Amino acid sequence: QVQLVESGGGLVQAGGSLRLSCAASIRTFSNYAMAWFRQAPGKEREFVAAITWSADGRYADSVKGRFTISRDNAKNMVYLQMNGLKPEDTAVYYCGAPKVPWTIVTAPDGRIGSWGQGTQVTVSS
């Protein structure tokens, strides 16, 4: 049973930074590409960033150059460093793991097998 637990959300002023963490209980974690998604009030969940098993990052255009995804396989952790935050980044941020290893998922669809509970990020103007 895969468990994902996010942390690190909070309230920050525009231009500020936050670092989100996701702890994953996946036995072969290093074989999985992991991803971050977000969902703002009244909007659909959307892709933010993904990191492959070889630590290559993929980003949504809206966060490219401001957010950085990273992983620590020794600790089964995924991180999302968010700099230059904007009010439009306000959302609940979710960590997602695909159903199978060696699969990169950049959309919140049925290929995601496990979701975390989410962590709220609020950016004030």
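What counts and what doesn't
Residues numbered from 1 in each chain as written. Predicted model: local features only at pLDDT ≥ 70, side-chain atom pairs only at ≥ 80, totals over all residues. Heavy atoms only, no water. Helix = DSSP H or I, 4+ residues; strand = E, 2+ residues; numbered from the N terminus. Buried < 20%, exposed > 50% of the residue type's maximum accessible area, 1.4 Å probe, protein only. Lys, Arg positive; Asp, Glu negative; His and termini not counted. Charge placed at Lys NZ, Arg CZ, Asp CG, Glu CD. Core = buried A, V, L, I, M, F, W, Y, C linked by side-chain atoms within 4.5 Å. Phe/Tyr/Trp six-rings, centres within 6.5 Å; stacked < 30°, edge-to-face > 60°.

(A) Geometry of the overall build of the protein chain. Per the secondary structure count, the protein chain includes zero helices and 11 strands. Starting at the N terminus and ending at the C terminus, the protein chain contains elements arranged as β-β-β-β-β-β-β-β-β-β-β. Considered along the principal axes of its C-alpha atoms, the protein chain spans approximately 40 × 30 × 25 Å. For the protein chain, buried positions account for 44% of its 125 residues. Each charge sign in the protein chain was given a centre, from 13 positive and 9 negative side chains, and these centres are 4 Å apart.

(B) Region of the structure containing the nonpolar core. Membership of the largest hydrophobic core comes to 35 residues, with the highest contact counts inside it found for Met34, Trp36, Leu80, Met82 and Tyr93. Elements that contribute at least two residues to this core include exactly strand E3 (18–24), strand E4 (34–39), strand E5 (46–51), strand E7 (67–72), strand E8 (77–82), strand E9 (91–98) and strand E11 (119–124). A per-element tally of this core places E5 first, with five residues.

(C) Local environment of the packing of aromatic side chains. Applying the stated rule across the entire model yields four aromatic pairs. Between Phe37 and Trp115 the ring centres are 5.0 Å apart and the planes differ by 65 degrees, which places this aromatic pair in the edge-to-face class. With a gap of 78 residues between them, Phe37 in strand E4 and Trp115 in strand E10 (residues 112–115) connect regions that are remote in the sequence. Ring geometry for Trp53 versus Trp102: centroids 5.5 Å apart, planes at 80 degrees, classification edge-to-face.

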